[in-house]
Amino acid sequence: MTTAIASRYTAEYSTIAPTLPGQNLAWLTALRQQALTKFSAQGFPSLREEEWRYTNVSAIEKKLFSPSLIGQAQDIVPTDLLASYQLPDAWSVVLIDGHYCAELSVLEGLPATVTVMSIADALAQQPEIVERYINQAVNNDEHSLVAFNTAWFTDGLFVHVPAKVILEKPVQVLHVSTQGDLLASTRTVIVAEDMADIKVIETFVGLDIAYLSAAVTEVFVGLNADVTLYKMQCESDKAYHFCGIYVKQAKDARFTHHNFAFGALLARCDIHTDLDLASECELNGLYLGVNRQHIDNHTRINHLKPHGISRELYKGVLDDRARGVFQGRVIVAEDAQKTDSQMNNRNLLLSNDAEADTKPQLEIYADDVKCAHGVTVGQLDEKSIFYLQSRCVDEETARNMLTFAFANEMVDKIKIKSLHDQALEQVLIRFPQAGINKEWL
Amino acid sequence: MLSIKNLTVNVNDKQILKGINLEIKPGEIHAIMGPNGSGKSTLSHILSGKAGYTVTGGSVSYQGKDLLEMAPEIRAREGVFLAFQYPVEIPGVSNIYLLKAALNSIRKHHGQSEVDAMDFLTLVKDKVRLLEMDEKFLYRAVNEGFSGGEKKRNEILQMAILEPKLCILDETDSGLDIDALKVVAEGVNSLRAADRSFVMVTHYQRLLDYIKPDFVHVLAHGQIVKSGGAELALELEEKGYSWVEDSKAAV
Ligand SMILES: Nc1ncnc2c1ncn2[C@@H]1O[C@H](COP(=O)(O)OP(=O)(O)OP(=O)(O)O)[C@@H](O)[C@H]1O
Ligand SMILES: [Mg+2]
């Protein structure tokens, strides 16, 4: 059954394969072939899998999304989307329909020792170094969308920051989808060597059409290095979005993720991170669902060694018939004594038909640890509404203010001004903002 | 200013206020004392319009208008201010934002234009100084992570900026150390005016040393059982509430 659907994709593969980057690299074609075999056997994830029980992907199986071929389309430059989402204070790599677009990317002034380029270029210019990292942070036993991505990725981003280099400006990879029924499958690899420091923003946008984004990002954070990764998922509200972020943290490494899930009809994001001795991770998330959006976030924090610290806060605001899913796993290995971990998921339901499914899971095999978790699903607090009313604010404005405030806590964590303003705008356009005065914020 | 006539109030079918009568004239300060659970906060909430109470009889008129008919925010804009016994924390909304929203709502209600940004800042900073607060408090979320005393001070700060006509202070003195109490009392005293009245709910004579009331009322079991001048508070401190509760029974 599943394989029948998968085979519709695999049947197309032989025509597409020659156009994929790195065809001259035997190790890569072998890797892709392996992934293809795995995907053919498994098909897309099914509701029967524990990790997918809340998210039904059958909708994408009914359609056949095709990877855009190099040279096709791209004649319409989505200037509006670029104007709204390309950050002025960052180096940027623009991927249109899964392909690198040099004319739209901004990479002038990069330090010579730092590599920021499309992964297709990296595979052509420095394949040995890509080989050292690709598919090393993500496990082959992961769900089949990872294999799907490995087999099909048409391009993506490659970032390499050598030891002790602190990149002054952030790097943005802007994924833009412009064609209906398109499959944009991209792979990003970010390597921060020992004591390096980098901030990367992954932005996903698209025209008002149905398409499928399937992105996998691998991050390697070296000894005492610091990586902050932002994800701005602002896909078209007809789009399907799948994304997996897999992180390997070395000793004393710090990794911070800010996951903003605003768009897409159906979105699923997996974030997995492995912590070594005394490494720290912070996972922040905000998902806003309106209409019939379905937004699923899935995190896994793997404490492998002692003295690791993890902090996680995911917040969801769900209106209309939207559904939010949060599954957060924290695993503390037997060896990971003195782990300090906190996980929180808070959901605000604005309508009776909205739904939040939240499932925190702690798996603790060490005995000397500090682990806490909490979840809430609720409505706006009536006491707070009355308090604001008693301060002259009408009820509707009070509700809007409290909803905004709930979401804004996550927006305020963004340290990059232009990105902060973008996220703020996204929050404001998605919910009633009557009575909220932007100038005063 | 305020006229409460034979007010009876239920919560969940249980009668909490059992016929309250109270007249407050402009410029007066009334203290309301009484044992725990006697209905003091209930009365404060009813005046500011909190939901969840059923008025079963009586009336409240404020500046000649039926107060109970007005939405809570309209009462606030008309000059009713409640300093809460337990101020609510509002994460994500800064103090300064709320102050601006509140002040401009009042101005709009009275047909005035939005306050000038510079004037506003000057006003707010003045009042912050008056209450000996740190300016940083302005940019923090409303009451979030504030200590008990800081929350109470923040209530008075809002009051000082909004300049209400009827100020209801529900146990603003509880939880304040003596220095904070003095600062808060000074803040309140600086607001005293011929057209502004105060209702101060308190358990302690201590506050009344700094803010001298014109009248003291004792609320017990949902009724005002005794009223008198400032000296009544001293008498209560000495003899306890049972004295008046008993005297009521004897009448
Ligand atoms: N929502 C409610 N449901 C049930 N009972 C209530 C509710 N609110 C108030 N009460 C009851 O009404 C009575 C009066 O409460 P209120 O808070 O007004 O007392 P108070 O005089 O302010 O006491 P304190 O000095 O402790 O602040 C109490 O017996 C209280 O339990
Ligand atoms: Mg009380």
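With that settled, the discussion passes to the overall build of chain A. Helix and strand counts for chain A stand at ten helices and 20 strands. In summary, chain A has a C-alpha radius of gyration of 21 Å against a globular reference of 22 Å for 441 residues, a match within 12%. Principal-axis analysis of the C-alpha atoms gives chain A an extent of 70 × 50 × 50 Å. Sorting the 441 residues of chain A into buried and exposed places 63% on the buried side. Within chain A, contacts between residues at least 6 apart in sequence are counted, and of these 84% link residues at least 24 apart. Here chain A has roughly 16300 Å² of accessible surface; of this, 50% comes from carbon and sulfur atoms. In chain A, 38 side chains carry a positive charge and 57 a negative one; their mean positions are 4 Å apart.

It is worth spelling out the environment of A:A210 at this point. Residues and elements named next belong to chain A. Locating A210 in the fold gives a position in the loop between β8 (197–206) and β9 (212–221). Sequence separation between A210 and Y240 is 30 residues, and the spatial gap between their C-alpha atoms is 7.3 Å. Excluding residues within four positions of it along the chain, A210 makes contact with K63, F65, Q179, G180, D181, L182 and K238.

Before going further, it helps to spend a moment on the site of ligand 1. Residues and elements named next belong to chain B. The environment of ligand 1 is made up of 15 residues, and the closest members are G37, K40, S41, T42 and H203. Here G39 contributes a backbone N or O atom positioned 3.0 Å from an oxygen atom of ligand 1. For ligand 1, the protein covers 64% of the area, taking 640 Å² as the surface of the free molecule. For the shell around ligand 1, the secondary-structure elements that each account for two or more residues are β2 (14–24) and α1 (40–48). Among the elements that take part in the shell around ligand 1, α1 stands out by supplying three residues, more than any other. Tallied by class, residues from the shell around ligand 1 come to three nonpolar, nine polar and three charged.

Bringing the interface of chain A and chain B into the picture now. With 22 residues of chain A at the contact, the number on the chain B side is 31 residues. For the pairing of chain A and chain B, the buried interface totals around 2200 Å² over both sides, and the portion due to carbon and sulfur atoms is 69%. Looking at the side of chain A facing chain B, the largest losses of area belong to A:Y387, A:R391 and A:W440, adding up to 37% of the total buried there. The interface formed by chain A and chain B includes one salt bridge. A salt bridge links B:E155 to A:R391; the nearest nitrogen and oxygen atoms lie 2.7 Å apart. Applying the counting criterion to the chain A and chain B interface returns ten residue pairs in polar contact (both at pLDDT 80 or more). Put simply, the parts of the chain that give the side of chain A that touches chain B at least two residues each are α8 (382–389) and α9 (395–411) of chain A. For the side of chain A that touches chain B, the element with the most residues is α8(A), which contributes six residues. When its residues are assigned to classes, the side of chain A that touches chain B shows eleven nonpolar, six polar and five charged.

With that settled, the discussion passes to the sheet that holds strand β12 (residues 223–228) of chain B. Residue and element names in this part refer to chain B. Judged by pairing direction, the sheet is mixed, and its six strands sit side by side in the order β6-β9-β10-β3-β11-β12 without closing on themselves. Of all the strands in the sheet, just β6 (80–83) and β12 have a single pairing partner and so form its edges. With strand direction ignored, the average angle separating the axes of adjacent strands in the sheet is 20 degrees. In this structure, β6 lies alongside strand β9 (residues 166–170), joined through four bridges in parallel fashion. Within β9, the residue paired with F81 across the bridge is C167.

All names here are of chain B. Coordination of the magnesium ion (ligand 2) by the protein involves S41 (OG) and Q85 (OE1), with metal-donor separations of 2.0 to 2.3 Å. Of this pair, S41 sits in helix α1 while Q85 sits in the loop between β6 and β7 (90–94), placing them 44 residues apart in sequence. The class of Q85 is buried, set by a relative accessible area of 16%.

Another aspect to go through is the domain arrangement of chain A. All names here are of chain A. Taken domain by domain, chain A comprises domain 1 (2–276) and domain 2 (383–441). Computed over C-alpha atoms, the centres of domain 1 and domain 2 are 32 Å apart. A combined buried area of about 1200 Å² lies between domain 1 and domain 2, and 69% of that area is made up of carbon and sulfur atoms. It is Y230, F260 and F262 in domain 1 that bury the most area against domain 2; as a group they hold 42% of the surface buried on that side. At the junction of domain 1 with domain 2, the criterion picks out zero salt bridges. Run the count over domain 1 and domain 2 and you get six residue pairs in polar contact (both at pLDDT 80 or more).

A separate point is the confidence of the model for chain B. All names here are of chain B. Confidence along chain B averages 92 in pLDDT terms, with 98% of residues attaining 70 or more. Of all the helices and strands in chain B, helix α10 (residues 241–250) carries the lowest mean pLDDT, 64, while helix α2 (residues 72–77) carries the highest, 97. Taken together, the chains of this predicted complex give a pTM of 0.88 and an interface ipTM of 0.95.

A word on the nonpolar core. A general tendency of soluble globular proteins is for nonpolar side chains to be buried together. Formed by 83 residues in total, the largest nonpolar core has its most connected members in A:L286, B:L2, B:I4 and B:L7. The element that contributes the greatest number of residues to this core is α9(A), accounting for nine residues. Of the domains in this structure, domain 1 (2–276) and domain 2 (383–441) of chain A are the two that each give at least three residues to this core. Sequence-distant contacts of A:L286, defined by excluding residues within four places in its chain, comprise A:N259, A:F260, A:A261, A:F262, A:K315, A:A407, A:M410, A:V411 and A:V427. Grouped together as the second largest cluster of nonpolar side chains are 51 residues, B:A31, B:L103, B:L169 and B:L232 included.

Residue and element names in this part refer to chain B. Spatial ordering of the open sheet is given by β2-β1-β4-β5, a layout of four strands whose pairing is antiparallel. Strands with a single pairing partner mark the edges of an open sheet, and in this sheet they are β2 and β5 (65–66). Both strand β1 (residues 2–11) and strand β4 (residues 54–62) contribute to a ladder of seven bridges, which runs antiparallel. In the sheet register, V9 faces β4, and the bridge partner there is V55. Each of β1, β2 and β4 touches α1; the most contacted strand, β1, lies at about 110 degrees to it.

Right, let's get into the packing of helix α4 (residues 117–130) of chain B against helix α6 (residues 148–162) of chain B. Residues and elements named next belong to chain B. Across the interface, α4 lies against α6 with an axial gap of 10 Å and an inter-helix angle of 135 degrees. As far as their axial angle goes, α6 and α4 are oblique. In the packing of α4 onto α6, the handedness of the crossing is right-handed. Here L123, V124, K127 and V128 of α4 come into contact with α6, specifically with L157, A160 and I161. Each residue belonging to the contact of α4 with α6 can be placed in one class, and the counts come to six nonpolar, no polar and one charged.

Rules used in this analysis
Residues numbered from 1 in each chain as written. Chains lettered and ligands numbered in written order. Predicted model: local features only at pLDDT ≥ 70, side-chain atom pairs only at ≥ 80, totals over all residues. Heavy atoms only, no water. Helix = DSSP H or I, 4+ residues; strand = E, 2+ residues; numbered from the N terminus. Rg over C-alpha atoms; globule rule 2.2 N^0.38 Å. Buried < 20%, exposed > 50% of the residue type's maximum accessible area, 1.4 Å probe, protein only. Contact = heavy atoms within 4.5 Å. Areas by Shrake-Rupley, 256 points an atom, 1.4 Å probe, with all protein chains shown as cover. Lys, Arg positive; Asp, Glu negative; His and termini not counted. Charge placed at Lys NZ, Arg CZ, Asp CG, Glu CD. Near = heavy atom within 4 Å. Polar contact = N/O pair within 3.5 Å; in protein donor to acceptor, adjacent residues only side chain to side chain. Nonpolar A, V, L, I, M, F, W, Y, C, P; charged D, E, K, R; others polar. Buried area = accessible area lost by both parts, 1.4 Å probe. Salt bridge = Lys/Arg side-chain N within 4 Å of Asp/Glu carboxyl O. Pairing = 2+ DSSP bridges. Axes fitted to C-alpha atoms, helices over the stretch in contact; angles between N-to-C directions. Donors = N, O, S within 2.8 Å, 3.2 Å for Na, K, Ca; no water. Domains from an automatic or database assignment. pLDDT = per-residue confidence, 0-100. Core = buried A, V, L, I, M, F, W, Y, C linked by side-chain atoms within 4.5 Å. Parallel < 35°, antiparallel > 145°, perpendicular 65-115°, else oblique. Left-handed = near helix turned anticlockwise from the far one by under 90°.

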